[in-house]
Amino acid sequence: MAIIKCPECNHEVSNLAPQCPFCGVPIAGNVVPCPDCGKILLKQEHACPNCGCELTPPEPPTQKGKKDTYYKYPSPKRTRSGSGGGSWIIWIIALLLVLALSVFAYLYVTTTLRQRAMQEAYQALNGNDNLDDFNSFLSKYPDSPYKEAVTQTRDSLQLELDEWQRIRYSSNKNNYTEYLTRFPQSRNTAICKARIDSLEWIEALSECTDASLSQYAAAHAEGKYVEQANLIKASLFKNRPSQDERNAVKALVNKYLTTYTANSRGSLLPLITNQNYAEQVAAEMAEQHQKATVKTIELASSVNISKTASETPYYYIAKFKVRQQQDGNIENKTQYYDINAVVTSDMHFLHIRKVPGKAPYVPKPETAVEEEPTEVATVPAVVQE
């Protein structure tokens, strides 16, 4: 009997022991020493794990009449010790390292791609005025370093949009001027300039004087109506409307005054050529009737009628003063207004400018007093492009 080391668990055991009491591997008749290094090995080993010496496999037992089969000893679960016992730990560590590297690579790639996509989306917002794109960016990248800048731009665009919705149908040119001052890079810049051009043209046409037309032409050298302004300016005082034309314009003015007194929207709309503008004039009429009941609105002066040009398109300019009698909780029951109206050749109002005025001047007997000039407050007109 000799004491050897178990080839599996490396504990000392008798070479005659049927099996290792520590790991259960068969010992007696199942172990051989390595011919090179002397390490005790199992017979089924083909090579010494210590020195690499190749071993001659034992002759497998055979049974007569049956195929030769190798006898395989059971392989109980065991832990190798010594130089070959920790190989499985190395494999596990290697597997964990590969897994960790894979996870790191995945996170790095996805983070890099997300950062690149975020930068491209942010660059796409430069010069963009679509609020949906800004809201989409903030929703998709809530923790972006560009969040504050994008939010500020989004809020500015929202403010600009709200302001535009407020003034987009305004007839006050000052609204568009203030809008351009606040938002010089707005996409509505061209529309604002066109509205200002049209409103100032209507004002010049309502006055229809050399000074008003010259002022328009100087302020709008590239304006839409500058050629027409120069044409009308050259024809001033050269064209006189006929008596029939005067009567037609006066009849249109009387229809307007009757309709305004009756607060009849249905009768007012056909008198104005532009229906969008007609709707606003009707709304202003209804609002004034709501504030104070308008009893009558009648002429307080003659209707001064002039003709702008002899060639089409030509317009008639009707200037007159009206007296408005009204009821309600107001101090002055009688109001006077100066009206400048632009009438088309087919006898429809193109524009009606109604501004507060003074009562007609009546000089005292035997006293020569010059009438003081009337201060006219601008009431915005409405021009629809």
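A brief look at the structure comes next. Because the structure is a prediction, the values reported are computed rather than measured.

### Observations regarding the overall build of the protein
Secondary structure assignment for the protein yields 10 helices and 9 strands. For the protein, with 385 residues in total, the buried portion stands at 35%. Restricting to contacts in the protein with at least 6 residues of sequence separation, those with at least 24 account for 44%.

### Let's talk about the packing of helix α4 (residues 173-182) against helix α5 (residues 189-207)
Where α4 contacts α5, the two axes come as close as 9 Å, and the packing angle between them is 150°. With respect to each other, α4 and α5 are oriented roughly antiparallel. By crossing handedness, the relation of α4 to α5 is classed as left-handed. Side by side, α4 and α5 meet where Lys 173, Tyr 176, Thr 177, Tyr 179 and Leu 180 of the first sit next to Thr 189, Cys 192, Lys 193, Arg 195, Ile 196, Leu 199, Glu 200 and Glu 203 of the second.

### Let's talk about a nonpolar patch on the surface
Residues Trp 88, Ile 89, Ile 92, Ile 93, Leu 96, Leu 97, Leu 99, Val 103, Tyr 106 and Leu 107 make up a contiguous nonpolar surface patch of about 1000 Å² in total accessible area. Along the polypeptide, Leu 107 turns up in helix α1 (residues 87-124). A residue is classified by how much of its surface remains accessible, and Leu 107, at 48% relative accessible area, is partly exposed.

### Thoughts on the packing of aromatic side chains
For the coordinates displayed, the defined rule picks out 11 aromatic pairs. With centroids separated by 5.7 Å and ring planes inclined at 65°, the aromatic side chains of Tyr 256 and Phe 349 adopt a geometry described as edge-to-face. Of this pair, Tyr 256 sits in helix α8 (residues 243-262) while Phe 349 sits in strand β9 (residues 349-356), and the two are 93 residues apart along the sequence. Just as Tyr 256 is buried, Phe 349 falls in that class too. Lying over the aromatic face of Tyr 337, Lys 354 brings its terminal NZ or CZ to 4.4 Å of the ring centre.

### Remarks on the side chain of His 289
Structurally, His 289 can be placed in helix α10 (residues 275-291). Since its relative accessible area comes to 13%, His 289 is described here as buried.

### Overview of the nonpolar core
Burial of nonpolar side chains together is a common tendency in soluble globular proteins. Membership of the largest hydrophobic core comes to 30 residues, with the highest contact counts inside it found for Val 249, Tyr 256, Leu 268, Ile 272 and Phe 349. When residues of this core are traced back to their parent elements, those giving at least two are α8, α10, β7 (315-327), β8 (334-344) and β9. With residues up to four places along the chain from it excluded, the contact list for Val 249 reads Ile 305, Tyr 316, Ala 318, Val 343 and Met 347. If you look at the next biggest cluster of nonpolar residues, it comprises 14 residues, including Trp 201, Ala 217, Val 226 and Ile 232.

### What to know about the pattern of salt bridges
Going through the model one piece at a time under the given rule, you end up with 9 salt bridges. When the shortest N-O distance is used, the salt bridge between Glu 203 and Lys 173 registers 3.5 Å. Of this pair, Glu 203 sits in helix α5 while Lys 173 sits in helix α4; the two residues are 30 residues apart in sequence, bridging distant segments of the chain. Judged by relative accessible area, Glu 203 falls into the partly exposed class, the value being 24%. A salt bridge links Glu 245 to Lys 307; its shortest N-O distance comes to 3.2 Å. Of this pair, Glu 245 sits in helix α8 while Lys 307 sits in strand β6 (residues 304-307); the two residues are 62 residues apart in sequence, bridging distant segments of the chain. Overall, Glu 245 belongs to the buried group, its relative accessible area being 16%. Overall, the relative accessible area of 15% leaves Lys 307 in the buried class. Among the charged side chains, a salt-bridge network with shared partners connects Glu 163, Arg 166 and Arg 182.

### Things to note about the pairing of β8
The element β8 is largely enclosed, with a buried count of 9 among its 11 residues. Direction of pairing for β7 relative to β8: antiparallel, over a ladder of 11 bridges. Residue pairing across strands places Phe 320 opposite Ile 339, the latter belonging to β8. For β8 and β9, the ladder comprises 7 bridges, and the chain directions are antiparallel. Its bridge partner being in β9, Asn 340 is matched across the sheet by Arg 353. If you look at the hairpin formed by β8 and β9, you'll find 4 residues sitting between the two strands, and Met 347 has a positive phi there, around 65°.

### As for the state of the cysteines
In the structure shown here, the tally under the stated rule is 0 disulfides. Left unpaired, Cys 34 is separated from the closest cysteine sulfur, that of Cys 51, by 3.5 Å. Cys 34 sits in the buried class, given a relative accessible area of 4%. Given a relative accessible area of 39%, Cys 51 falls into the partly exposed group.

### Let's talk about unusual backbone geometry
A positive phi angle, near 70°, is found at Asn 10, a position not held by glycine. The residue Asn 10 is located in the loop between β1 (3-5) and β2 (12-14) in this model. Look at Asn 10 and you get partly exposed, because its relative accessible area is 33%. One non-glycine residue with positive phi stands out, namely Asn 263, at about 55°. Looking at where Asn 263 falls in the secondary structure, it is placed in the loop between α8 and α9 (265-268).

Rules behind the numbers
- Residues numbered from 1 in each chain as written.
- Predicted model: local features only at pLDDT ≥ 70, side-chain atom pairs only at ≥ 80, totals over all residues.
- Heavy atoms only, no water.
- Helix = DSSP H or I, 4+ residues; strand = E, 2+ residues; numbered from the N terminus.
- Buried < 20%, exposed > 50% of the residue type's maximum accessible area, 1.4 Å probe, protein only.
- Contact = heavy atoms within 4.5 Å.
- Axes fitted to C-alpha atoms, helices over the stretch in contact; angles between N-to-C directions.
- Parallel < 35°, antiparallel > 145°, perpendicular 65-115°, else oblique.
- Left-handed = near helix turned anticlockwise from the far one by under 90°.
- Patch = residues over 30% accessible without salt bridge, like charges linked within 9 Å, V, L, I, M, F, W, Y side chains within 5 Å.
- Areas by Shrake-Rupley, 256 points an atom, 1.4 Å probe, with all protein chains shown as cover.
- Salt bridge = Lys/Arg side-chain N within 4 Å of Asp/Glu carboxyl O.
- Phe/Tyr/Trp six-rings, centres within 6.5 Å; stacked < 30°, edge-to-face > 60°.
- Lys NZ or Arg CZ within 6 Å of the ring centre and 35° of its normal.
- Core = buried A, V, L, I, M, F, W, Y, C linked by side-chain atoms within 4.5 Å.
- Pairing = 2+ DSSP bridges.
- Disulfide = S-S within 2.5 Å.

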